[in-house]
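# Observations on chain architecture
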Amino acid sequence: MRQIDLSRSFDRFSKTNRGAGSRKTDAVKNGASAACKYAIDASFAAIGLLVLSPMILMVMAILLALQGRPIFIAHRRIGKNGAPFGCLKFRTMVKDADKVLARHLANNPHLEQEWNATRKLRHDPRITPFGALLRKSSIDEIPQLLNVVLGRMSLVGPRPIVASEVELYGVHFADYIKVRPGLTGLWQVSGRSDISYHERVQLDVRYVRENTLGGDLAIMIKTIPAILRSRGCY
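Residues numbered from 1 in each chain as written. Predicted model: local features only at pLDDT ≥ 70, side-chain atom pairs only at ≥ 80, totals over all residues. Heavy atoms only, no water.

So, on to the overall build of the protein chain. A tally of regular secondary structure across the protein chain gives nine helices and four strands. Mapped from its N terminus to its C terminus, the protein chain presents α and β elements in the order α-β-β-α-α-α-α-β-α-α-β-α-α. Among the 234 residues that make up the protein chain, the fraction classed as buried is 41%. When contacts within the protein chain are restricted to residue pairs at least 6 apart in sequence, those whose partners lie at least 24 apart make up 72%. With an accessible surface of roughly 13800 Å², the protein chain has 62% of that area assigned to carbon and sulfur atoms. (Helix = DSSP H or I, 4+ residues; strand = E, 2+ residues; numbered from the N terminus. Buried < 20%, exposed > 50% of the residue type's maximum accessible area, 1.4 Å probe, protein only. Contact = heavy atoms within 4.5 Å. Areas by Shrake-Rupley, 256 points an atom, 1.4 Å probe, with all protein chains shown as cover.)

Right, let's talk about the pattern of salt bridges for a bit. Where charged atoms from two side chains of opposite charge come close, those side chains can pair. For the structure shown, the criterion picks out eleven salt bridges. A salt bridge links Arg 159 to Glu 141, with the nearest nitrogen and oxygen atoms 3.4 Å apart. Taken together, the residues span a long stretch of sequence, with Arg 159 in the loop between strand S3 (154-156) and helix H6 (166-169) and Glu 141 in the loop between helix H4 (129-136) and helix H5 (144-149) at a distance of 18 residues. Just as Arg 159 is buried, Glu 141 falls in that class too. Salt-bridge contacts for Arg 209 lead to Asp 175; the nearest nitrogen and oxygen are separated by 3.2 Å. Taken as a pair, Arg 209 in helix H8 (residues 197-210) and Asp 175 in helix H7 (residues 173-176) lie far apart in primary sequence, 34 residues in all. (Salt bridge = Lys/Arg side-chain N within 4 Å of Asp/Glu carboxyl O.)

Turning our attention to the packing of aromatic side chains. For the coordinates displayed, the defined rule picks out four aromatic pairs. Ring centres 5.1 Å apart and planes at 25° place the aromatic pair Phe 72 and Phe 90 in the stacked group. Of the two residues, Phe 72 is situated in strand S1 (residues 72-78) and Phe 90 in strand S2 (residues 84-90); the sequence distance between them amounts to 18 residues. Its relative accessible area of 33% is what places Phe 72 among the partly exposed residues. A relative accessible area of 1% places Phe 90 in the buried class. Among the aromatic residues, ring-to-ring pairing joins Tyr 169, Phe 173, Tyr 176 and Tyr 197 into one connected group. Arg 200 extends its terminal NZ or CZ atom over the ring of Trp 187, reaching a point 4.6 Å from the ring centre. (Phe/Tyr/Trp six-rings, centres within 6.5 Å; stacked < 30°, edge-to-face > 60°. Lys NZ or Arg CZ within 6 Å of the ring centre and 35° of its normal.)

Moving on to the environment of Pro 129. Structurally, Pro 129 is set in helix H4. Considered as a pair, Pro 129 and Leu 66 are 63 residues apart in the sequence and their alpha carbons are 9.7 Å apart.

Moving on, we come to helix H9 (residues 213-229). With 17 residues, H9 extends 25 Å between its outermost C-alpha atoms, agreeing within 8% with the 24 Å of an ideal straight helix rising 1.5 Å per residue. Its maximal kink placed at Thr 223, H9 deviates by approximately 25°, while the proline Pro 225 follows within four residues. The first or second residue beyond H9 is Ser 230, which carries a positive phi of 60°. (Expected span 1.5 Å × (residues − 1). Bend = angle between axes of the 7 residues up to and from the residue.)

This is how it looks when you write it as structure tokens:
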């Protein structure tokens, strides 16, 4: 009759249970941390919408007078777990902006490299004069506070990307979709469009793997002087 080593079987069973228990504990901790982060995000975003409502109404009136409708756009972006959502912004571009960009790049092929490297142009023909002012001051992104309240975005995180940018993230896209995209983040306080897209991806990966509530607070504090300096805002 074959003898069974009960001690070895028990050790294997214990290790399996400890591993499963550890994973379950980590999941609970991560879930609690995410819930806490959302509660803080939503509370501050709601307060921000209330405090900034006079300015929001003023900007809406100016946009209506200068550019007409629509005042807001809900640009399709990729959120947590790869779910698409409408990222709200004040409209800062002309109508048919995609056609204007395609025509501009076709007439100026030397700008292709700049566009491919950062998905931005320093002198973007799509942007209206008042829109340029809103973008330089980041006021155009204030409507995203509503995205935060709705749980589509966080106050701090990677900036939301469009589908065409997924390939630029490569294997790191898996990191990007682990968290909700943010109103601000490491990219915003590190130079924004003045840094390469590769550097932006590395900053996002770093944030996802190292983020803490204390780190979020530090980024929000650094965001204020970054906006005032307007570095990389175009």
